[in-house]
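The lines below spell out each chain.
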Amino acid sequence: QVQLVESGGGLVQAGGSLRLSCAASGRTFSSYAMGWFRQVSGKEREFVAAINWSGGMTTYADSVKGRFTISRDNAKNTVYLQMNSLKPEDTAVYYCRADSVYYHLLVAGLNSGVWGKGTLVTVSS
């Protein structure tokens, strides 16, 4: 089973960019689909983006489509989330998640797999 550690969060002005990273331990990283989720205090955690094991399939939430890009480097056991044109409403704790089944990442309320501890992104107006 993998363990996940997110990094790259911070404070950025609206319109700016950040790149989040999620480093995975273990030799089986390439067998997992990976996803990014975010949560604002007091609200449900929401899906942001997902990528399959090879990187050949990606899915995005409508709210980030065209602004965020998910990618992975299996040689480095890392998945990335490039966030451009950031808005104040993107402020949240961002979590990465590993799941052996890609479509599990797309099912609202299903929390299977392995989660990281999160990294805070704050976008100021």
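As shown above, the structure is provided for reference.
Residues numbered from 1 in each chain as written. Predicted model: local features only at pLDDT ≥ 70, side-chain atom pairs only at ≥ 80, totals over all residues. Heavy atoms only, no water.

A.B. asks: Would you explain the nonpolar core in this entry?
C.D. replies: As a rule of thumb, nonpolar side chains are buried together in soluble globular proteins. Counting 30 residues, the largest nonpolar core has L4, M34, W36, L81, M83 and Y94 as the members making the most contacts within it. With sequence-adjacent residues up to four places away left out, L81 is seen in contact with L18, R19, L20, W36, V48, A49, F68, T69, I70 and Y94. Counting 5 residues, the second-largest nonpolar core is a separate cluster that includes A33, F37, Y102 and L105. (Core = buried A, V, L, I, M, F, W, Y, C linked by side-chain atoms within 4.5 Å. Buried < 20%, exposed > 50% of the residue type's maximum accessible area, 1.4 Å probe, protein only. Contact = heavy atoms within 4.5 Å.)

A.B. asks: Got a minute to help me understand the side chain of T78 in this structure?
C.D. replies: Its location among the elements puts T78 in strand β8 (residues 78-83). Residue classification places T78 among the buried positions, given a relative accessible area of 9%. (Helix = DSSP H or I, 4+ residues; strand = E, 2+ residues; numbered from the N terminus.)

A.B. asks: How should I be thinking about the packing of aromatic side chains in this particular structure?
C.D. replies: Centre distance and the angle of the planes are the two values used to describe a pair of aromatic rings. Using the criterion set out here, one finds 4 aromatic pairs in the structure. Considering the side-chain rings of F37 and F47, the 5.6 Å spacing of their centres and the 75° angle between planes classify their relative orientation as edge-to-face. Taken together, the positions of F37 in strand β4 (residues 33-39) and F47 in strand β5 (residues 46-51) put the pair 10 residues apart, joining distant regions of the chain. Taking 5.4 Å as the distance between ring centres and 85° as the angle between the ring planes, the aromatic pair formed by Y102 and Y103 counts as edge-to-face. A residue is classified by how much of its surface remains accessible, and Y103, at 53% relative accessible area, is exposed. Feature note: the residues F37, F47, Y95 and W115 constitute an aromatic cluster, connected by ring pairs. Cation over ring: R45 sits above Y95, and NZ or CZ is 4.2 Å from the ring centre. The positively charged end of R45 is found above the aromatic ring belonging to W115, 4.3 Å away from the centroid. (Phe/Tyr/Trp six-rings, centres within 6.5 Å; stacked < 30°, edge-to-face > 60°. Lys NZ or Arg CZ within 6 Å of the ring centre and 35° of its normal.)

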